[in-house]
Amino acid sequence: MTKQRQKRKLDHIEYALRLGKPETSSGFEEIRLINDSLPGFSLGDVDTTCVFMGKRLAAPLLINAITGGHPAVANINKSLARVARQTGVAMAVGSQMAGLEDPGLRQTYEVARQENPDGVLLANLSAGAPPEQAAAAVEMISANGLQLYLNVPQELAMREGDRDFNGVIDNIREVTSRLSVPVVVKEVGFGLSRETISALYNAGVRYVDVGGQGGTNFIEIEDMRSGQKSSEGVRNWGIPTAVSLLEGLSLELPILIIASGGLETGVDVAKALALGTGMAGMAKIFLKELTDKSEEGLINKITGIINELRLVMLMSGAKNLAQLVKKPVLVTGSVAEWMIRRGID
Ligand code: FNR
C-alpha cells in the first residue's frame, strides 16, 4: 500500500504535467469587471496585501496542495516553499498520509517549513483522516492550518481508490472541533456546491476552497495512470470554478471562500476577489512553471500575477482588496444561466 502510494505521487506529477488544455472552462470568461476611467489614485497606491491565518501576505495567493511523500519530490516542496517565502504568498503541501505511515518520508514535507519558517503553510490530508492523524500532520510541519480534501470522482476513477464515503462529514466536524488550527475543506477540481458548503458550515468549517472544474482534471489523470478509459463518460463531471464560487457566496455565510481550479492569471484572481472570495489558489500552473523553468521562473510567474492584479485593481478603481469587493461585477452567459436555474440571484 505504502509503495503504491509513493508511486502515485510521481504519477500525479507526471500525468498532471502531460494533461492538455482542459476540455471544460472554469467560467471566468463569463465574469466581467467594469472599467473605471477616473480612479483618482496612482498605481503605487494600490495595496494587494491581506491577512490570512493571522499572517500578512503580499497578495491573497496560495500555492495549492501538490506533493510530498516520495524522496524524489522533496525538492519540489523545497522550491515551492522558497518561492512562497520570496513572493510572500501562502503554500500547502500535498497529502501527508505517506509521511504519517512512513517516518522516513516526513522530510519530504518538513523541507517546506524549514525553507519558510515564518510563512503561512497548510497541512493536507483526506477528509476521511481521523483527528489523531490530522493533529500529527499539522505538527509535522508546524502548519498554520489544515486542508482536508474531498475527491469522490477521483477516488472512483482510481482503481485502488475508496468506494465507501460514509461518515465523512462527522469526521470533518470532529477534526474541526479538536484541532488547534483552522481547517480548510477543499475539492480537487470538481467544485463544491451550495449544499456541500452549507453542510460544511454546519459542521463548524469556516474556510472552504471550491477547487472547481476547468483546471486540473483528476478523472483524466487517473485514466492515464490506469491506461484505461473506464471513466471517460464522466470525465467532464463537476462544477465550474466561477459557478462554485457563486454557489458558495450566495449563502452569505461568515466563511472565507478560496477560489481555485483552473485559475491562470491576475485577471482571474481579481475577478474571484471582486466576487467576494478571500484567496486564490493555483496548483498545476505553478508546478509546470517550476518544472519547465526554475524557482526564478516561478517567482516571475507569481510576481507577474500580482502585478496584473494590481493593474486590474487600478483599472477597476479599487485601491485595496476591501474596495475591490465593492466594485460592480457582471455575470454573463452560461454562468448566469446556472445561477438562474438554481434560483440564485
Ligand atoms: C494536486 N492536488 C492535490 N490536492 C490535495 O488536496 N492533496 C494532494 O495531495 C494533491 N495532489 C496534487 C498533485 C498534483 C500533481 C496536482 C496538479 C494537484 C489538487 C490541487 O491542490 C488543486 O485542488 C487542483 O489541482 C485544482 O487546481 P489547479 O491545478 O487547476 O490550479
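Note that the structure is predicted; figures quoted are calculated from it, not measured. (Residues numbered from 1 in each chain as written. Predicted model: local features only at pLDDT ≥ 70, side-chain atom pairs only at ≥ 80, totals over all residues. Heavy atoms only, no water.)

A. Molecular detail of the overall build of the chain. The secondary structure content of the chain amounts to 15 helices and 12 strands. Expressed along its principal axes, the backbone C-alpha trace of the chain runs to roughly 60 × 45 × 40 Å. Residues counted as buried form 55% of the 345 residues belonging to the chain. Long-range contacts, defined as pairs at least 24 residues apart, comprise 74% of the intrachain contacts of the chain with a sequence gap of at least 6. Averaging the coordinates of the 36 positive side-chain charges in the chain and doing the same for the 39 negative ones gives two points 2 Å apart. (Helix = DSSP H or I, 4+ residues; strand = E, 2+ residues; numbered from the N terminus. Buried < 20%, exposed > 50% of the residue type's maximum accessible area, 1.4 Å probe, protein only. Contact = heavy atoms within 4.5 Å. Lys, Arg positive; Asp, Glu negative; His and termini not counted. Charge placed at Lys NZ, Arg CZ, Asp CG, Glu CD.)

B. Spatial organisation of the nonpolar core. Ranked by size, the top nonpolar core spans 98 residues in total, and within it F52, L61, M91, L148, V269 and I302 carry the most contacts. Among the elements that line this core, the one with the most residues is helix α13 (residues 295–316), at nine residues. Counting 10 residues, the second largest nonpolar core, distinct from the first, contains L19, Y149, A157 and F190. (Core = buried A, V, L, I, M, F, W, Y, C linked by side-chain atoms within 4.5 Å.)

C. Summary view of the site of the ligand. Neighbouring the ligand are 22 residues, the closest being A65, S95, K186, T216 and G262. I66 is positioned with one of its backbone polar atoms (N or O) 3.1 Å from a nitrogen atom of the ligand. Note that an oxygen atom of the ligand is positioned 2.9 Å from one of the backbone N or O atoms of G262. The fraction of the free accessible surface of the ligand (600 Å²) that becomes covered by protein chains is 95%. When contributions to the shell around the ligand are tallied by element, the ones reaching two or more residues are α1 (2–18), β8 (183–187) and α12 (284–292). (Near = heavy atom within 4 Å. Polar contact = N/O pair within 3.5 Å; in protein donor to acceptor, adjacent residues only side chain to side chain. Areas by Shrake-Rupley, 256 points an atom, 1.4 Å probe, with all protein chains shown as cover.)

D. Here's a closer look at a nonpolar patch on the surface. Taken together, L43, L311 and M315 make up a surface patch of nonpolar side chains, about 260 Å² in accessible area. Turning to its location among the elements, L311 is positioned in helix α13. (Patch = residues over 30% accessible without salt bridge, like charges linked within 9 Å, V, L, I, M, F, W, Y side chains within 5 Å. Salt bridge = Lys/Arg side-chain N within 4 Å of Asp/Glu carboxyl O.)

E. Layout of the pattern of salt bridges. For the coordinates displayed, the defined rule picks out 19 salt bridges. A salt bridge links D170 to R173; its shortest N-O distance comes to 3.0 Å. Taken together, the positions of D170 and R173, both in helix α7 (residues 168–178) and three residues apart, correspond to about one turn of that helix. Because the salt bridges share partners, they merge into one network encompassing K7, R8, D11, E160, E222 and R225.

F. Local environment of the confidence of the model for the chain. Of all residues in the chain, 100% attain a pLDDT of 70 or more, and the chain-wide mean is 97. Of the two predicted TM-score estimates for the complex, the pTM is 0.98 and the ipTM is 0.99. (pLDDT = per-residue confidence, 0-100.)

G. Region of the structure containing the pairing of strand β11 (residues 279–282). With burial as the criterion, each face of β11 is covered, one bearing M279 and G281 and the other bearing A280 and M282. Pairing of strand β4 (residues 61–63) with β11 involves three bridges; the strand directions are parallel. Its bridge partner being in β11, L62 is matched across the sheet by G281. The sheet contact formed by strand β10 (residues 256–260) and β11 spans three bridges and is parallel. Within β11, the position partnered with S260 by the bridge is G281. Running through helix α11 (residues 266–275), the crossover from β10 to the neighbouring parallel element β11 is right-handed. (Pairing = 2+ DSSP bridges. Right-handed = clockwise from strand over helix to strand, strands pointing away.)

H. Quick peek at α12. Inspection of α12 places K284, I285, F286, L287, E289 and L290 among the buried residues, and these make up the whole buried set. Where α12 is buried, its residues meet α1, β4, α2 (74–87), β11 and α13.

I. Spatial organisation of the packing of helix α10 (residues 241–249) against helix α15 (residues 333–341). Axis separation between α10 and α15 bottoms out at 10 Å; the angle between their running directions is 35 degrees. Taken as a pair, α10 and α15 cross one another with a handedness that is right-handed. Each of V243, L246 and E247 in α10 lies in contact with α15, whose residues at this interface are V335, W338 and M339. Looking at the contact of α10 with α15 residue by residue, the classes come out as five nonpolar, no polar and one charged. (Axes fitted to C-alpha atoms, helices over the stretch in contact; angles between N-to-C directions. Left-handed = near helix turned anticlockwise from the far one by under 90°. Nonpolar A, V, L, I, M, F, W, Y, C, P; charged D, E, K, R; others polar.)

J. Region of interest: the sheet that holds β10. Spatial strand order, β4-β5-β6-β7-β8-β9-β10-β11: eight strands in a closed barrel with parallel pairing. Sheet twist, expressed as the average angle between the axes of neighbouring strands with direction ignored, equals 25 degrees. Sheet analysis places strand β6 (residues 121–126) next to strand β7 (residues 145–150), joined by five bridges and oriented parallel. By the bridge assignment for β7, S126 is matched with Y149.

K. Representation of the side chain of Q96 in the model. Note on placement: Q96 falls in the loop between β5 (90–92) and α3 (97–101). Its relative accessible area of 0% is what places Q96 among the buried residues. In terms of polar contacts, Q96 uses its side chain to reach the backbone carbonyl oxygen of A137, at 2.9 Å. Not counting residues up to four positions away in its chain, the partners in contact with Q96 are Y109, A123, N124, L125, A137, M140 and I141.

L. Region of interest: the environment of V175. Checked against the element boundaries, V175 lands in helix α7. Once you skip the residues sitting within four places of it in the chain, V175 turns out to touch A129, P130, P131, A134, L146, L148 and V183.

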